Amino acid sequence: MSGHAIEVILSRQLADCLSVPVFIVDPEGNLLFYNPPAEEILGKKFQDTGPMPVGDWGTSFLPHDEKGNSIPPEELPLVQTIHSHKPAHKTFWIKSLNGNSTEISVTAIPIIGRSKKFSGAMAIFWDKEGEL
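Residues numbered from 1 in each chain as written. Predicted model: local features only at pLDDT ≥ 70, side-chain atom pairs only at ≥ 80, totals over all residues. Heavy atoms only, no water.

Topic: the environment of Asp-26
Moving on, step 1. Counting through the fold element by element, Asp-26 comes out in the loop between strand E1 (22–25) and strand E2 (31–34).
Moving on, step 2. Spatially, the C-alpha atoms of Asp-26 and Met-122 are 9.0 Å apart, while their sequence positions differ by 96 residues.
Moving on, step 3. Ignoring any residue separated from it by four or fewer positions in sequence, one finds Asp-26 in contact with Leu-32, Ser-119 and Gly-120.
Moving on, step 4. For Asp-26, the side chain forms a polar contact with the main-chain nitrogen of Glu-28, separated by 3.0 Å.
Moving on, step 5. There is a polar contact of 2.9 Å between the side chain of Asp-26 and the backbone nitrogen of Asn-30. (Helix = DSSP H or I, 4+ residues; strand = E, 2+ residues; numbered from the N terminus. Contact = heavy atoms within 4.5 Å. Polar contact = N/O pair within 3.5 Å; in protein donor to acceptor, adjacent residues only side chain to side chain.)

Written as structure tokens, this is what we have:
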């Protein structure tokens, strides 16, 4: 992470300390990190997936509605935040990498430092049925 803005580095450190799932991307939408609570919902450890482009993570976790219809990446809160640099929220289902389907609520926020430069985005999410 040494090549990333200090705000992204600090966001990753914060995410590593939180008990809620967190997903962090760079300004282009490339996955940089997700924390251990996110690993439980996503079905795979970050060290096993590593960084990945938005086209991969936006479809790898198979986001869908309650009827099983696919949700395109551009409708996901994190992708919306990347494009608008504004917070976004949505509740939907994902099929994790281990095959489990889970309803999640996602709130995405831009990572913008004091210089007003957009450095990426962070999604905080939780299992609608589970406990934090």
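Here's the deal with the pairing of strand E4 (residues 88–95)
Moving on, step 1. Here two bridges tie strand E3 (residues 63–64) to E4, and the two strands are oriented antiparallel to one another. Within E4, the position partnered with His-64 by the bridge is Trp-93.
Moving on, step 2. As paired strands, E4 and strand E5 (residues 101–112) are joined by eight bridges and run antiparallel to one another. Bridge assignment links Phe-92 to a residue of E5, and that residue is Ile-104.
Moving on, step 3. Connecting E4 to the next strand, E5, in antiparallel fashion are five residues, including Gly-99 with a positive phi near 95°. (Pairing = 2+ DSSP bridges.)

Looking at the environment of Gln-47
Moving on, step 1. You can see Gln-47 is positioned in helix H3 (residues 46–49).
Moving on, step 2. In sequence terms Gln-47 and Ala-121 are 74 residues apart; their C-alpha atoms lie 20 Å from each other.

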